[in-house]
Amino acid sequence: MKAIVISEPGKPEVLQLRDVADPEVKDDEVLVRVLATALNRADTLQRLGLYNPPPGSSPYLGLECSGTIESVGKSVSRWKVGDQVCALLSGGGYAEKVSVPAGQIFPIPAGISLKDAAAFPEVACTVWSTVFMMGRLSAGESFLVHGGSSGIGTFAIQIAKHLGVRVFVPAGNEEKLAACKELGADVCINYKTEDFVAKVKAETDGKGVDVILDCIGAPYLQKNLDSLNFDGRLCIIGLMGGANAEIKLSSLLPKRLTVLGAALRPRSPENKAVVVAEVEKNVWPAIEAGKVKPVIHKYLPLSQAAEAHSLMESSNHIGKILLET
């Protein structure tokens with residue numbers, strides 16, 4: 001098969017389309033002929049040599065895909081050859097074929113094309129497992145998501161609004177703010193011209209929001225804590241701004257704040273299967289009802305993975321970037 005290979009850690013141009021061996025399929029796995037995969041920030045970190053795949057995972061990039069099942073392991077019962085599916089991966093999506101544990105496979109939601117379904121597994125599993133399973137966000141609460149125009153953000157806005165949550169979104173320009181507003185965000189904040197902490201306080205009668213989903217890390221840690229309501233929960237899923245920070249612990253105690261850290265990729269297949277089942281149960285009906293839609297910025301052929309990475313690193317996109325095999 002053909003796959004994108006990292007010739008050496010470095011800039012996007014190190015990504016090369018090469019012939020490689022087909023993946024092996026274990027008894028509890030299925031082999032998917034990939035139609036599309038979607039970019040995630042983790043892909044750019046792996047390209048730079050900063051984020052290695054979990055042991056035993058595919059060495060190739062790609063944390064989600066959609067396609068058609070070509071073969072099934074002998075202990076797999078739910079899926080059969082010819083099924084059209086999408087999947088959460090620990091790697092391997094930037095290829096023509098990928099082997100996937102059966103517990104990480106989703107059916108294609110009704111009303112969504114096979115290609116566009118590649119935009120959902122990673123964002124849906126990330127947001128649901130952190131914001132809802134760990135952060136316990138519920139109807140009537142308020143929620144702030146950083147990077148609201150990203151793939152994670154555009155999904156998080158929609159699912160939170162569908163579930164009766166008031167959504168706050170900081171973004172860096174008017175185009176991104178308008179996109180977030182159109183997706184349902186209630187309060188849009190230009191973080192380049194406004195202090196998001198002050199804006200949150202002004203919009204919540206000084207209380208703050210109940211849950212924050214953060215991908216920035218260190219520079220925002222104290223600001224995030226200052227933006228939380230009593231019993232607030234901060235969910236950190238990325239460290240784009242840095243990993244080391246100092247905080248005032250006195251800001252945690254009076255308000256009974258919780259700081260949660262989570263990464264999806266290192267979870268065990270058994271843990272991922274639990275998340276996938278919860279997402280299929282709770283999120284897939286919202287997608288099929290048209291309440292949550294794929295937000296796709298651009299489609300590119302797999303051979304143009306380098307261009308796709310450059311686009312992601314420019315942060316000029318809104319929503320997901322898809323690669324087609």
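Keep in mind the model is a prediction, meaning the values are calculated, not measured.

The rules behind each value
- Residues numbered from 1 in each chain as written.
- Predicted model: local features only at pLDDT ≥ 70, side-chain atom pairs only at ≥ 80, totals over all residues.
- Heavy atoms only, no water.
- Buried < 20%, exposed > 50% of the residue type's maximum accessible area, 1.4 Å probe, protein only.
- Helix = DSSP H or I, 4+ residues; strand = E, 2+ residues; numbered from the N terminus.
- Arc of directions from axis to C-beta.
- Contact = heavy atoms within 4.5 Å.
- UniProt positions renumbered as here; feature names shortened; annotations may be inferred.
- Patch = residues over 30% accessible without salt bridge, like charges linked within 9 Å, V, L, I, M, F, W, Y side chains within 5 Å.
- Areas by Shrake-Rupley, 256 points an atom, 1.4 Å probe, with all protein chains shown as cover.
- Salt bridge = Lys/Arg side-chain N within 4 Å of Asp/Glu carboxyl O.
- Pairing = 2+ DSSP bridges.
- Axes fitted to C-alpha atoms, helices over the stretch in contact; angles between N-to-C directions.
- Right-handed = clockwise from strand over helix to strand, strands pointing away.
- Polar contact = N/O pair within 3.5 Å; in protein donor to acceptor, adjacent residues only side chain to side chain.
- Parallel < 35°, antiparallel > 145°, perpendicular 65-115°, else oblique.
- Left-handed = near helix turned anticlockwise from the far one by under 90°.

Glancing now at helix 9 (residues 305-314). Residues Ala-305, Ala-308, His-309, Leu-311 and Met-312 constitute the buried set of helix 9. Axial view of helix 9: buried residues confined to an arc of 160 degrees, hence all on one face. The secondary structure elements touched by the buried residues of helix 9 are strand 1 (2-6), strand 2 (15-19), helix 1 (41-47), strand 14 (296-301) and strand 15 (320-324). Ser-315 sits one or two positions beyond helix 9 and adopts a positive phi of about 60 degrees.

Let's shift gears to the UniProt feature "domain: Enoyl reductase (ER)" (unreviewed entry) in the chain. According to UniProt, the "domain: Enoyl reductase (ER)" (unreviewed entry) feature falls on residues 10-323. Helix and strand shares over residues 10-323 are 27% and 25% respectively, and the end C-alpha atoms of the span are 20 Å apart.

On the surface, Leu-45, Leu-48 and Leu-50 cluster together into a nonpolar patch covering about 270 Å² of accessible area. Following the sequence through the fold, Leu-45 ends up in helix 1. Classification of Leu-45 as partly exposed rests on a relative accessible area of 36%.

In space, the six strands of this open sheet follow the order 10-9-8-11-12-13, with parallel pairing throughout. A strand with exactly one partner marks an edge of an open sheet, and here the two such strands are strand 10 (187-190) and strand 13 (258-261). Shown here is a sheet whose adjacent strand axes are inclined to one another by a mean of 15 degrees, direction ignored. In terms of strand pairing, strand 12 (residues 228-236) meets strand 13 through four bridges, oriented parallel. By the bridge assignment, Leu-234 is partnered in strand 13 with Val-259. The strands touched by helix 5 (residues 196-203) are strand 8 (142-145), strand 9 (166-171), strand 10 and strand 11 (209-214); relative to strand 10, the strand with the most contacts, the crossing angle is about 155 degrees.

With that settled, the discussion passes to the pairing of strand 14. In terms of strand pairing, strand 14 meets strand 15 through five bridges, oriented parallel. Counted as the bridge partner of Leu-300 is Leu-323 from strand 15. This β-α-β element, strand 14 to helix 9 to strand 15, shows right-handed connectivity.

Following the sequence through the fold, Glu-141 ends up in the loop between helix 2 (121-134) and strand 8. Here Glu-141 falls in the buried class, since its relative accessible area comes to 17%. At a separation of 3.1 Å, a polar atom in the side chain of Glu-141 contacts the main-chain amide nitrogen of Ser-138. Once residues within four sequence positions are removed from consideration, Glu-141 is found in contact with Arg-136, Val-165, Arg-166, Asp-210 and Arg-233.

For the rest of this paragraph, the subject is the packing of helix 2 against helix 3 (residues 151-162). Contact geometry of helix 2 with helix 3 gives a least axis separation of 9 Å together with a crossing angle of 60 degrees. Between helix 2 and helix 3, the angle falls in the class oblique. Here helix 2 and helix 3 pass one another in a crossing that is right-handed. Side by side, helix 2 and helix 3 meet where Val-123, Ala-124, Thr-126, Val-127, Trp-128 and Phe-132 of the first sit next to Gly-151, Ile-152, Phe-155, Ala-156, Ile-159 and Ala-160 of the second.

Another point: the pairing of strand 4 (residues 64-72). One ladder, built from seven bridges, connects strand 3 (residues 29-38) with strand 4; its direction is antiparallel. Among the inter-strand pairings, Arg-33 is bridged to a residue of strand 4, identified as Thr-68. Pairing of strand 4 with strand 5 (residues 84-88) involves five bridges; the strand directions are antiparallel. Paired with Glu-64 across the bridge in strand 5 is Leu-88.

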